[in-house]
Structure formats: C-alpha cells, structure tokens
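Spelled out from the first residue to the last, the chains are:
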Amino acid sequence: MNKIIKLFNQKSRNILSLFFTAGYPEADSTTEILEAIEESSADMVEIGIPFSDPVADGKVIQDSSSKALLNGMSLEKLFEQLNVVKDRLSKPKLLMGYFNPVMQFGVEKFCKRCSETGVDGVIVPDLPPGEYLAYRGIFEKYDLLFIFLVTPGTSKERLKEISGYASGFIYAVSSYSTTGTSGSSALKPEDVSEISAISGLPVLIGFGVKDNETFRQACSISSGAIIGSAFIRSLDNSPHGIRQSVSLFVNNIREEGD
Amino acid sequence: MNVKAVADKNGYYGEFGGAYIPEMLYNNISELKSRYLDIINSKEFRDEYMQLLKDYVGRPSPLYYAGRLSHHFGTRIFLKREDLNHTGSHKINNTVGQIILASKLGKKRIIAETGAGQHGVATATVCALKGLECIVYMGATDVERQARNVTLMEMLGAKVVPVESGNKTLKDATNEALRDWISNPESTHYIIGSIVGPHPFPDMVTRFQSVISLEMKSQLKEKTGSEDPDYILACIGGGSNAAGAFYHYVENENVKLIGAEGGGMGAETDLTSASITTGRPGVLHACKSLLLQTTDGQVIEPYSISAGLDYPGVGPLHSYLHARGRARYYSINDDDALKAAKQMIELEGIIPALESAHALALLDKMDFNSNDVVVVNLSGRGDKDLETYIKRFDDE
C-alpha cells in the first residue's frame, strides 16, 4: 500500500510534514536532512526540486532554490541521493516542484525513478487538473499520488472538479499568498470541513505555518500541517549540525502548549 | 490543416500555450477566460477601445513608403509607424484594451512587469487615464539601466518596485508580478505586456495588437492596389508586435511572415535571446513554448542589446507558427541591429527603437524582387536607446 495512504489510515490528527529544498544548504545535505527527519517525530517529508523561477514561493524558498542550483543540484542528483538512503527511510516521501524540470527529465522517466527510489507522491503546483489530465495515466501507472492544492478562494464547484483527480490528501493553502508569509490564515474551520467532505480526503494545511502555535491552530481544524520556510530557516541556523537542528525544530513544533 | 492565429478553448496553438497556473491563480484566470471574449466583442467595449485608439493613441498609425531605403534595397519598403503612437511604441494598443477590460471586471489595482520600461510606461499612462492604482515590477538591474522610464512611470503616478530576485531583469519582474497577483487576487488585474503567460493572455494580447495588420490591409490597398504585401518583417521578444502585424495574414499563405529574434552576441553563444532558433519546448510563466533552458530545465538568462527582446521564452503563437513553417524566424545579432538602425537614421531620418532595428536588419538577409512589397513593423521609437546609440556609434 502507498505509504501516504497508510499514514492517513493510521493517524488522523497532528500530522507534521516537513518541506525542504533538495541540495540546500549544501549539495549533499539532502540525505542528512532525510535521515534526521526519519529519526524525528515528523510524519512525512516533502522534498523540493529546485527551479530557477519558483513563482508560487516566497523569499526563503526562492533563496534556497537558487542556492541549491548554485550547489549543482539537479533531478538526476536528487534521485541518486534518494537511492543511497531509500532503505533507511520508512516515512512517506513526496517530491514537490515546478513542472518544467520534470518535463525536461521526461514525465515517465521521472515517475519511474520516483517509484524506484521510494517516493510515494508528487506535488506540482503549476500542473493544475486541466494540464495534469495529459499525464494522469503515467503517475497512476507508477502508484504515485498526485496531490492538489486548494485555496481559501476555491469555489465548491472547483473543489468538486479537483476532487475528481485528487488522491492521498488535499493540500490546503492557508491564505492568499506565496509560501512563507506571516499573514494570518484565511481558512475557516468550516472551509476545511467542506474540503474534506467534498473530496473525501484528509486535509493538511500549508503556507504560513511556522511554529508551535500556528501548527496547533492548523491541527485544530485539519489533520495536520506542512512546514516549509520556517524549517528551511532553521537549517540555516544549525551550529551543532543538521541532525540536532532538525530534532530541536520538530520538538519545538510538537511541544504541548498550555 | 489550416494554420490559424487564434488559440483553441484551452489556450493551445498546436502543442504550445495552455495555462500552467498554480491553483492560487485559478479564480483570476478562470474569470478572464470566461469573460474576455464577450467583453472585447461587445459594442460598448469596441466603441470605447476604437475611440481611444483614434483620439488618445493617434491611430491609425501611418504606413510610410520609405523611398530611400527602398532604393537602397532595390524593392518597395513600407514602414508601419507604431513608433508614432502615444508613449512611442505598439505597447499602448494592448494596455488601452486591457485597462478598459479591467474596469469592466471591476478591478481597482493594476500590476505590470516591465523590462526596458516601454510596457511599464504604457501601463502607467492608461492607469492615469482611468485613475487606477498602478504598480510596476521592474528588475533592479533594469531600474538602473532605464532611469528615464522609471522617472516617467513615477511622474505618471505609478509605483515602481525594483525586483532583487534572480538576475534582476524582465523574467524576474514577471515572476514578482505573478507573486503579487497570487497575493492580491480579488482587487487586482495583471496587464501582461506581451503574448506570453497563461491562457487567455496570449490570445487576448494578440487580439489587441491585431489592429496593426487590420490597418495595414486598407493602407496597402490604397497605396499599392492590393491588401496583401509579399513580406511582413517584425522583431520578436515575447512577440506581441509581430503577432499584431501577422494576425490578419496568417491564413493567407501568399504573404511571407518573417520574425527577428534578439541574437545578442550570436545564437550559438550563451549571450543570446534567440529562443526560437535555439530553445526547446518548456514551461515558463504558465505557458508552454520554446524556451532557453539547460538540459535540467532551468531557465537560462537571456541577453540582447535590446532590453525589449531580452526574454528567455517567446509567445506560444510564434512557437506554433515556427513549428508549422508558417513564419520564418532569424536570429539578428547586436551588431547587425546597430548597423540597421544607423542606416535607417541616415536614409530616412527616423530613429528606430533597438528592438525595431532587429526587424530592419532582416532587410539585408532577404532576397527581394524589385516589385515586391515589404512591410517592416516599426514597433517603437529610439529615444529610449539614445545612450546605447551614442556609445556604440562613437565606438565605430
């Protein structure tokens, strides 16, 4: 069974998914970060494929993406790294990135390599349902879940359309913004219930979730949350190495509040 | 199958085009897609658009028989004088159309990207005309290089935001405008300056620019007895002036359509903007088209002496016309464009924009008959390029 589906079968609350950019801060950080996440109490991991023009991302992820490219990161290298650590990793893994690098790599070859290296799902924000249709069969052939985004502005009608293609979980964008903004969430509890009811899938909230408080807020109305920019920032500040930094970050997020 | 200049309902020209948008832009794009044709075909819109083009922009732009240039090349050359439009280029044909559309959609805030500043000035101008808030994203490098246009935009009431990400040029300004739109979906309309971006922008901007070839037909009829020229030459950055100049002739195979890309230091070098000559299909700014990119799919920073041609992609319409062999595209290097500009100034007393000079440089690459009718779309005037001209002409 796909590990993402298995996770949601076993756990329906407080799911923590961490996003980081492959090849950042150093080209070979990818495997170290993955192993650190494996040891932590995070539930899932999203690995960002760096791209030169990340239009849906705010400054932190943009900068990590440019740095990763300067470090010589590429999809080919990412799959090589994943291949090295795949047997040591048990948590669900997703690749997240813009369509062009995937298109140039070859969609079928990309999916094949994903399935060979233990990747369970894919998020491609600039491949909306209308364009995804042309590739749906390939993703399904390799048992890759294709995760769709919805926003606070997504209508009921559109949600129904997206639900026709969605699998795994719904990635609910919390506000009208790019990633990593500090704005408050525009998602109301009833929005999340509606997304869940219409799609029949669990909902994770992303964009703007950055600490213990925002994580708990997100968890109070959904199955959990995705933290990207704040996690990447924490990697910049890891005087005792990446492992300790990841463990500290996750513990802070998980800490029970009063 | 007939080659047409109109996108299908999903925004595709053959395999090129589409709408590769993140879900955050869905409502905006969907609203535009469902309403743009009804709005721009309505009588109310047409009346206002045509009246503004006439009385505000100064259309129709003249079709000028360039006698000395014709004599030099041994053929009959006409210049479509988009350089005489208000704000000095074809860009205003599009911004006038989009600002009326934005008003009909009830948008109060306008954003735009700009490279050299021509589209930024044309947008700031129509925002002043309609009293709408205007924010122009411009790469920090371009802000420095094009100080005069920054001053103009600010004088017109626009806020110019220098973009510090990436290479700090047009591509990055476009990324930042898209990010703004994601963050302000309800209040804002994004006036894209060329025939790029997600459907319906390429089709919509093409329609607004098509007035160029519409006028050409009657003007040629009057001057030559036939609506049809033998050749139409135009420069290609994103490709909006060329799309406008080609539009009404795409289905008429007797008319040869020729485009000039910014070759920079040469299409075979790293310093080029020739995305049709050397690019491969890829997705940038939500549309699939020919793109300058690495084998890994990272977008390569383009280079051209002309800031208006300095874009790594090209409108999907041109990728399609190229793939179908309906139009031919040449890469014109910086030096050839400069030479053509100088020749134009000396023979006709017209200082062309550096972009348009690339189209003029095509004259030297073609083999014309003496009775051929050749139209060059003179997309803009050269005031903005004075510094480059002074420097480079002095170097000779």
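Residues numbered from 1 in each chain as written. Chains lettered and ligands numbered in written order. Predicted model: local features only at pLDDT ≥ 70, side-chain atom pairs only at ≥ 80, totals over all residues. Heavy atoms only, no water.

J.: Explain the environment of S193 of chain A to me, and be specific about the residues and the numbers.
T.: All names here are of chain A. Checked against the element boundaries, S193 lands in helix α10 (residues 189–199). Its relative accessible area of 45% is what places S193 among the partly exposed residues. Residues S193 and Q244, spaced 51 residues apart in sequence, show a C-alpha to C-alpha distance of 36 Å. (Helix = DSSP H or I, 4+ residues; strand = E, 2+ residues; numbered from the N terminus. Buried < 20%, exposed > 50% of the residue type's maximum accessible area, 1.4 Å probe, protein only.)

J.: Mind laying out helix α14 (residues 334–348) of chain B, listing which residues take part and the relevant values?
T.: Residue and element names in this part refer to chain B. Counted at 1.5 Å a residue, the expected span for α14 with its 15 residues is 21 Å, and the 21 Å between its end C-alpha atoms agrees. Every buried residue belonging to α14 is among D334, A337, L338, A340, A341, M344 and E348, and all of these are buried. Taken down its axis, α14 places every buried residue within 165 degrees of arc, on the same side. The exposed set on the far side of α14, more than 90 degrees from its buried face, consists of D335, K339 and E346. (Expected span 1.5 Å × (residues − 1). Arc of directions from axis to C-beta.)

J.: Just give me the short version of the interface of chain A and chain B, but keep the residues and values in it.
T.: Contact residues are listed per partner, giving 36 residues for chain A and 33 residues for chain B. Between chain A and chain B, the buried area comes to about 2,600 Å², and carbon and sulfur atoms account for 52% of it. At the junction of chain A and chain B, the tally comes to two salt bridges. Across the pair K171 of chain B and D53 of chain A runs a salt bridge whose closest N-O atoms are separated by 2.6 Å. Counting across the interface, chain A meets chain B through 18 residue pairs in polar contact (both at pLDDT 80 or more). Elements supplying a minimum of two residues to the side of chain A that touches chain B: α3 (59–70), α5 (99–105), α7 (129–132), β6 (148–150) and α9 (156–163) of chain A. A breakdown of the residues in the side of chain A that touches chain B according to their chemical character gives 20 nonpolar, ten polar and six charged. (Contact = heavy atoms within 4.5 Å. Buried area = accessible area lost by both parts, 1.4 Å probe. Salt bridge = Lys/Arg side-chain N within 4 Å of Asp/Glu carboxyl O. Polar contact = N/O pair within 3.5 Å; in protein donor to acceptor, adjacent residues only side chain to side chain. Nonpolar A, V, L, I, M, F, W, Y, C, P; charged D, E, K, R; others polar.)

J.: Describe in detail the sheet that holds strand β7 (residues 159–163) of chain B, supporting the description with residues and values.
T.: All names here are of chain B. If you trace the four strands from one edge of the open sheet to the other, you get β7-β6-β5-β8, paired in parallel fashion. The outermost strands of the open sheet, each flanked by one partner alone, are β7 and β8 (188–190). Strand-to-strand twist of the sheet, defined as the mean angle between neighbouring strand axes without regard to direction, takes the value 25 degrees. Two strands pair when backbone bridges link them, and strand β6 (residues 133–139) and β7 are joined in this way by five bridges, in the parallel orientation. Of the residues in β7, the one forming a bridge with V136 is V160. Packed onto the sheet, helix α4 (residues 91–104) meets β5 (109–114) and β8 and runs at close to 155 degrees relative to β8. With respect to the sheet, helix α8 (residues 170–183) is in contact with β5, β6, β7 and β8, its orientation differing from that of β5 by roughly 160 degrees. (Pairing = 2+ DSSP bridges. Axes fitted to C-alpha atoms, helices over the stretch in contact; angles between N-to-C directions.)

J.: Would you mind going over the side chain of Q62 of chain A in detail, with residue names and values included?
T.: Of note, Q62 of chain A is situated in helix α3. In this structure, Q62 of chain A is in contact with P54 and D57 of chain A together with S165, E176 and R179 of chain B, ignoring residues within four places of it in sequence.

J.: An account of the state of the cysteines is needed here, citing residue identities and associated values.
T.: Overall, the coordinates contain zero disulfides over all chains when judged by the stated rule. Lacking any disulfide linkage, C111 of chain A is separated from the closest cysteine sulfur, that of C114 of chain A, by 6.1 Å. Here C287 of chain B stays free of any disulfide, with the sulfur of C235 of chain B as its closest cysteine sulfur at 18 Å. (Disulfide = S-S within 2.5 Å.)

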